[in-house]
Amino acid sequence: MDAMAALAGATQMQSALHLLATLQLTAPLYQQHCVVNDGDSFDFVVVGAGSAGSVLANRLSEAEHVSVLLIEEGGDPPLESTFPGLFPFLAGGQVDKKFVTEDDHKTHRCHRNHVGNLTSGSMLGGSSSLNYMFYVRGDPYDYERWAIAAQDPTWSWAGVLPYFIKSERLEDPTLLFSPYAINHGTSGYLGVTREYRNDTERYLEAVRELGYDVLWDVNGDRHLGFTPQLYTIAGGVRQSTAHSYLSPVRHRRNLCILKNTKATKIVFDKHNNAVGVEVKTQSGQQLTVRANQEVVVSAGAIMSPQLLMLSGIGPAEHLKQLGIPVRCDLPVGMNYQDHVVSLILFQMEKCYSPPKPQEQNFFPFPAFTGYIALDKSQPYPDSEIVNFIIQNDSGANTLICAFNYWFNFEICQKFHEASKGRNTLLATVNKLHPKSRGRVLLRSRNPDDYPKIDAGMFSEESDLDDMAKYMEEYARMVNTSYFRSVGAEIVDLKLSPCEGLTRWSREYWRCHAQCLMNTNYHYSGTCALGSVVDSRLRVRGARRLRVVDASVMPTITGGNTNAPVIMIAEKAADFIKEENDLFRKFK
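Treat the numbers as computed from the prediction; the structure is a model and nothing was measured.

K.L.:
Got a minute to help me understand the sheet that holds strand β6 (residues 190-194) in this structure?
P.N.:
In any sheet, the strands associate via hydrogen bonds between backbone groups, in a parallel or an antiparallel arrangement. Read across the sheet, three strands follow the order β5-β6-β8 without closing on themselves; strand pairing throughout is mixed. On the outer flanks of this sheet lie β5 (168-170) and β8 (230-231), each paired with one strand and no other. Inspection of the sheet shows β5 paired to β6 by three bridges, in the parallel sense. Bridge pairing links E168 to L190 in β6. The strands touched by helix α5 (residues 157-167) within the sheet are β5 and β6, with β5 carrying the most contacts at an inclination of about 60°.

K.L.:
Is there a simple way to explain the state of the cysteines in this structure?
P.N.:
Note on terminology: disulfide describes a covalent bond linking the sulfur atoms of two cysteines. On inspection of all chains with the given rule, the structure shows four disulfides. Across the disulfide, C34 is cross-linked to C256 (sulfur-sulfur distance 1.5 Å). The sign of the S-S torsion, about -55°, decides the handedness of the disulfide formed by C34 and C256: left-handed. Within this pair, whereas C34 is found in the loop between α1 (3-21) and β1 (41-47), its partner C256 is found in strand β11 (residues 255-258), the two being separated by 222 residues in sequence. When sorted by exposure, C34 lands in the same class as C256, which is buried. C110 shares a disulfide with C515; S-S distance 1.9 Å. Here C110 and C515 share a disulfide; its torsion about the S-S bond, -105°, makes the bridge left-handed. With C110 in the loop between β3 (99-100) and β4 (117-118) and C515 in helix α15 (residues 506-515), the pair connects residues that are 405 residues apart, well separated along the chain. On the basis of relative accessibility, which here comes to 3%, the residue C110 falls in the buried class. Overall, the relative accessible area of 3% leaves C515 in the buried class. By sequence-ordered numbering of the bonded cysteines, the protein chain has its disulfides arranged as 1-3, 2-8, 4-5, 6-7. A disulfide-free cysteine, C328 has its sulfur positioned 12 Å from the sulfur of C527, the nearest such atom.

Rules used in this analysis
Residues numbered from 1 in each chain as written. Predicted model: local features only at pLDDT ≥ 70, side-chain atom pairs only at ≥ 80, totals over all residues. Heavy atoms only, no water. Pairing = 2+ DSSP bridges. Helix = DSSP H or I, 4+ residues; strand = E, 2+ residues; numbered from the N terminus. Contact = heavy atoms within 4.5 Å. Axes fitted to C-alpha atoms, helices over the stretch in contact; angles between N-to-C directions. Disulfide = S-S within 2.5 Å. Buried < 20%, exposed > 50% of the residue type's maximum accessible area, 1.4 Å probe, protein only.

See the structure below:
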């Protein structure tokens, strides 16, 4: 299947799945849409039912006498969200907000639309309902940085590890009966399993030959090395926070979920207390819901800053330009961070057998991940390298290239040609701690207008230079015994921006990295600890208002962000319970 055909096939598959979604086959798994009238009040109003909001709604509603309203702009996750093998077809569909970056006329030049497509979930579970399901916590170093930013040691590794453990239900016997088990939980809501296919073994032997450690797990004190991937998959089902945290408590009468409803403004009283939220329903009806105790904003690193700024909390000059009265002058929307990935495609052994049928209950291809530091004396990683082992002519390479990453068709056609009769290894390389920063700004005062996202990717030249180093380093895989034995090669994609450069030189890899760049969908930092929220996630200068999601990360974690966001929400739930008299009765 060539690049154009792969795109057409994916679009047809997506349309068929959308049609299937009209049957609402997943509705029995979730609470029905709750009927709310103008002026109705709840103890807590949580905006956004994503990775964080779903956790908060569950934990706060544990107390039967505490009422919780959860507001979600989308609806129930569709059937394809449930099956891990169908995740590629969720991007760009009806459950994707379809954010795009502003065109900076520098990055994304090898993309068909010259902008970054920022996939983001619009449904219960948010992006945990459409992500790649990687379970990664990050390195202890990440949280030491958070503790410094928050001026609070409870954000250090020792302070966050118990919440990772609390949320998790590890189901991998290999880890459970190993010394690594001490860092994992077995009774949490979030089911976690491990890559089970032995295809990874020969590749792990290759990275060992390069001098890297091979670890059973990288989610404890050691984070440098390569490991078979852990997934938020259990029982053949995606463990989104909708499935893991909301579905089990769908019969709680004190939890009300308002679906297909957009929060448009936070309401304050004269003492700067957040006392409610203005919302707009799917039918266009405008309501105000009251919060007796707190409003918690968990709409994500793009929509949380938008809601705060529409409510008068943000950079004063920007708000004044739009005629929005300034309530709190804070750097909301600044400090936007993301992991930028670039791709290397290795052509591996010849394969004459047809692709095996894909099992939709599992991640679609074997995966292993590495965390490396070029400075061998450094105790934490600089780069994450995610590796997908893809079978002969399965079409996965072409699908990812054309449909998920939106690269130019001539590039994706080379992906297709390289996959004919050969197995391939698709490696995505990223810099874990980028210096580049972007920002999220309002486009207008209209809440229906998506904000402007100046992603700032590679705005610091050193990030691009480092990416070239990481790619040059990983390209050494072709010199290992296994790769030489099968005649492996790095696929020369003959990228037009890189014509005239010496192939595989540092200068070439720099050009390659910029051409084959893409977001890793880890948007964060826009309501950061220490500058926008305090160490208890309360918005500075306001009262009874918190932000709980990836936007509070002062610096992005050294890996995928879903598990850390769930941890943040678990920790925030305890903050709220500790500070609120309502929960003392529950104890």
